[in-house]
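A structural walkthrough
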Amino acid sequence: MAQPEGPPTLPEPLRRRLVSFSSSVFSDSHRTALGDGPRAPPGFPGYRADCEILSSLPLQMSLYFNVYFFPFWWLITVAILYMKYPALSDYYKFILVTIMILVSLTELIRLYLGYVGNLLEKVPELAGFWLLTLLPQLPIILFLLFNEGLKIHSLERAVHIIFAAFLSFQVVAAFFALRRMVNTLATRFRLTEFHRLEEQRPAPGLCSLATGSGSRGW
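Residues numbered from 1 in each chain as written. Predicted model: local features only at pLDDT ≥ 70, side-chain atom pairs only at ≥ 80, totals over all residues. Heavy atoms only, no water.

A closer look at the overall build of the chain
From N to C terminus, the chain includes six helices and zero strands. Its helices and strands in sequence order give the chain the pattern α-α-α-α-α-α, from N to C terminus. For the chain, the proportion of its 218 residues judged to be buried stands at 37%. Here the analysis covers contacts within the chain between residues at least 6 apart in sequence; of these, 76% occur between residues at least 24 apart. (Helix = DSSP H or I, 4+ residues; strand = E, 2+ residues; numbered from the N terminus. Buried < 20%, exposed > 50% of the residue type's maximum accessible area, 1.4 Å probe, protein only. Contact = heavy atoms within 4.5 Å.)

Here it is in structure tokens:
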């Protein structure tokens, strides 16, 4: 019987680059032990006594509301763009159409990476979400919010402010979630390597027995 597959992941070369980026940006070289974060309760899938939950609840809540808000933002922005389109210059017409296409495609990818990276505690996906939030989404929304040459409608400005608030919060929340994940996973890796080396070391009694047998043989 075939095993159910998980959600699609990033290409392996891109994952390696994002892991390297996360390790260099979010790792804390002074961290030496696991943090005092919430731990999975007994009976939770994959429960271990030392299993710390690394997913960020505030980030997940913001992603949940962002998923429902984005179609509302898109409809209002497109409707207002349709109404004011004849009054815009050719320069701003091209810019706004390009922005709507770019934001729509990027937001779908960004939200997917945020859900997968945070819920499944995958550093590469969450790092990709953080990068897409920081660039291009946040600068584009700020451009739409503050450029008066776009003839901004009051309703349009309101939804842009809410979207910018979502993005700003997610940049900060994802940064701390990534920092926590990278440091904790690095600590777990070091502890695993330490236990593996300890298991490979011969017991002191066996060493003494081997030495004594060698002496009697002579």
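As for the confidence of the model for the chain
Chain-level statistics for the chain give a pLDDT mean of 79 and a share of 66% at 70 or above. Across the chain, helix α2 (residues 57-84) holds the top mean pLDDT of 96, while helix α6 (residues 204-217) sits lowest at 52. Under a pLDDT of 50 for its full length, residues 30-49 has, in the predicted model, 28 contacts with residues more than four places off or in other chains. (pLDDT = per-residue confidence, 0-100.)

Digging into the nonpolar core
Counting 42 residues, the largest nonpolar core has W73, L144 and F163 as its most contacted members. Breaking this core down by element, the ones donating at least two residues are α2, α3 (90-119), α4 (123-146) and α5 (154-200). Counting residues per element, this core draws most heavily on α5, at 12 residues. Here F163 is in contact with N66, F69, F70, W73, V103, E107, R110, Q137 and I141, once residues within four sequence places are set aside. (Core = buried A, V, L, I, M, F, W, Y, C linked by side-chain atoms within 4.5 Å.)

Topic: the environment of A173
You can see A173 is positioned in helix α5. Given the relative accessible area of 13%, A173 is considered buried. Residues A173 and P58, spaced 115 residues apart in sequence, show a C-alpha to C-alpha distance of 7.2 Å.

Some words on α4
Here α4 spans 33 Å end to end across 24 residues, near enough to the 34 Å set by a 1.5 Å rise per residue. Of all the bends in α4, the greatest, near 35°, is centred on Q137, and the proline P139 appears no more than four residues after it. (Expected span 1.5 Å × (residues − 1). Bend = angle between axes of the 7 residues up to and from the residue.)

Things to note about the packing of α2 against α4
The interhelical angle for the contact between α2 and α4, taken along N-to-C directions, is 45°, at an axis separation of 15 Å. On the basis of the axis angle, α2 is oblique to α4. Crossing of α2 over α4 shows left-handed handedness. Contacts from L59, L63 and W73 of α2 reach α4 at L126, F129, I141 and L144. (Axes fitted to C-alpha atoms, helices over the stretch in contact; angles between N-to-C directions. Parallel < 35°, antiparallel > 145°, perpendicular 65-115°, else oblique. Left-handed = near helix turned anticlockwise from the far one by under 90°.)

Some details on the pattern of salt bridges
The tally for this structure, following the rule as stated, stands at four salt bridges. Across the pair E107 and R110 runs a salt bridge whose closest N-O atoms are separated by 2.7 Å. Residue E107 and its partner R110 are both found in helix α3; the two are separated by three residues, about one turn of the helix. For E107, a relative accessible area of 0% puts it in the buried group. Its relative accessible area of 0% is what places R110 among the buried residues. Taking the shortest distance from any N to any O, the salt bridge between R157 and E148 comes out at 3.3 Å. Accessibility expressed as a relative area gives 52% for E148, which makes it exposed. (Salt bridge = Lys/Arg side-chain N within 4 Å of Asp/Glu carboxyl O.)

Quick look at a nonpolar patch on the surface
A cluster of nonpolar side chains, L57, M61, Y64, F65, V67 and Y68, forms an exposed patch at the surface whose accessible area comes to about 650 Å². Inspection of the secondary structure puts L57 in helix α2. Note on L57: relative accessible area 60%, which makes it exposed. (Patch = residues over 30% accessible without salt bridge, like charges linked within 9 Å, V, L, I, M, F, W, Y side chains within 5 Å. Areas by Shrake-Rupley, 256 points an atom, 1.4 Å probe, with all protein chains shown as cover.)

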